[in-house]
Every structure is written in C-alpha cells, then in structure tokens.
Amino acid sequence: MPCGGEDAGLLWSQVPLLHVAGLFVYGVITQTLWYAPVWAWLLLVSAWAKRMTFLWGVGPPLALCVFERLAFNTGYVWKLLSYRLMGNEAGRLRQPAQGPAGHSAADARRGAVPVDAVAVGRARRGRAMLGGAVWLRRRREPI
C-alpha cells in the first residue's frame, strides 16, 4: 500500500524486530526495579495500618521533607522523592559526566546499559518490604 508515494513495507523491512523486542523487555525489567521500592512501601503500609492507609503511606515521606526544610533549609529529600516518582527531569539531583556503571552518555544512546548494583539494591529493599507485607498480612487477625 503506498504511503506518500512510497511503499510502507520498505520502512518496516529495516526495523530490527529482535533488537526492539529485547529493548522492550529490558525497559519492562528496569521500570519494575525502579518502582519496586515505592510499591513495596505502599503494600507494607497497607498491611500494617488498620485505618488511614493513604495517610500513613504518604505522610512519613512528606513529613521528612517538611522536617528537612524547617531544620536544615534544604530540599534534598524532596528532590530525591520527585526523582524517584517522576523521573530524571522532575527532580534532577546531578548531571554525571558518565552514566550508570561508568558508561558514557554516548554508550547509553547506542544501546541499553546493563542493570547496575544500585538497581539490585533497590530490588532487595523492595523484596524485603514485600516480604514484610506478606508476613504482616498472614499474622493479622480476621476482620
């Protein structure tokens, strides 16, 4: 079928489908590791709190932000939370000359950078909080 006078099949014949599929799987894994501590924290709080679970889930990080602002007049915790929840542009903490695991920005643009030790630590914290949530839910008395 012509597309602007050219055959659209020519465009799709140049797409490396296995490479794109691999990058998709890599993206799913890294996004899962990125948000695992946040979801595990919310699950842990929902297992622990009997009432006002949203307040208990959001309150301590926000109270820590307010305490830091009042006590030290800095905003590092807020920047860390916004970086964690909204991405790099929202809470830019620093601009390293090299990306994760010592790779340059050009390497990151050329292909996917392997998951580094920080992501493994993030997964461990998430797994520990998730285990705590399961433990709390199993030992809770019936409603």
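Look a little higher up for the structure.
Treat the numbers as computed from the prediction; the structure is a model and nothing was measured.

Visitor: A description of the overall build of the chain should follow, citing residues and the corresponding values.
Guide: When you go through the chain residue by residue, the secondary structure sums to 6 helices and 2 strands. The burial tally for the chain puts 16% of its 143 residues in the buried class. Across the chain, the fraction of contacts at a sequence separation of at least 24, relative to all contacts at a separation of at least 6, is 54%.

Visitor: How would you summarise helix α2 (residues 17-48) if you had to cite specific residues and measurements?
Guide: A rise of 1.5 Å per residue sets the reference length of α2, with its 32 residues, at 46 Å; its end C-alpha atoms lie 45 Å apart and thus fit the reference within 8%. Of all the bends found along α2, the most pronounced is centred on Tyr-35 and spans about 45°, while Pro-37, a proline, follows it within four residues. Residues Leu-33, Trp-34, Pro-37, Ala-40, Val-45 and Ala-47 constitute the buried set of α2.

Visitor: Requested: an account of the layout of surface pockets, with residues and values cited.
Guide: Taken as a whole, the second largest pocket encloses approximately 660 Å³ of empty space. Taken together, 21 residues line the second largest pocket, and the ones lying closest to its centre are Val-38, Pro-61, Leu-81, Arg-84 and Leu-85. Counting residues per element, the ones that place at least two in the lining of the second largest pocket are α2, α3 (53-72), α4 (76-86) and α6 (117-139). In terms of residues, the lining of the second largest pocket owes the most to one element, α4, which gives 8 residues.

Visitor: Describe in detail a nonpolar patch on the surface, supporting the description with residues and values.
Guide: Together, Phe-24, Val-25, Val-28 and Ile-29 make up a nonpolar patch on the protein surface, roughly 380 Å² of accessible area in all. Topologically, Val-25 is positioned in helix α2. The class for Val-25 is partly exposed, based on a relative accessible area of 45%.

Visitor: Summarise unusual backbone geometry; cite the residues concerned and give the values.
Guide: For Met-52, which is not glycine, the phi torsion reads 55° and is therefore positive. Note that Met-52 resides in the loop between α2 and α3. Non-glycine residue Asn-73 carries a positive phi angle of around 55°. With respect to the secondary-structure elements, Asn-73 resides in the loop between α3 and α4. For Asn-73, a relative accessible area of 57% corresponds to the exposed category.

Thresholds applied
- Residues numbered from 1 in each chain as written.
- Predicted model: local features only at pLDDT ≥ 70, side-chain atom pairs only at ≥ 80, totals over all residues.
- Heavy atoms only, no water.
- Helix = DSSP H or I, 4+ residues; strand = E, 2+ residues; numbered from the N terminus.
- Buried < 20%, exposed > 50% of the residue type's maximum accessible area, 1.4 Å probe, protein only.
- Contact = heavy atoms within 4.5 Å.
- Expected span 1.5 Å × (residues − 1).
- Bend = angle between axes of the 7 residues up to and from the residue.
- 1 Å grid on protein atoms, 1.4 Å probe; cavity = no way out; pocket = protein on both sides within 12 Å on 5 of 7 lines; lining within 4 Å.
- Points joined across faces, edges and corners; volume = space filled by probe spheres on them.
- Patch = residues over 30% accessible without salt bridge, like charges linked within 9 Å, V, L, I, M, F, W, Y side chains within 5 Å.
- Areas by Shrake-Rupley, 256 points an atom, 1.4 Å probe, with all protein chains shown as cover.
- Salt bridge = Lys/Arg side-chain N within 4 Å of Asp/Glu carboxyl O.

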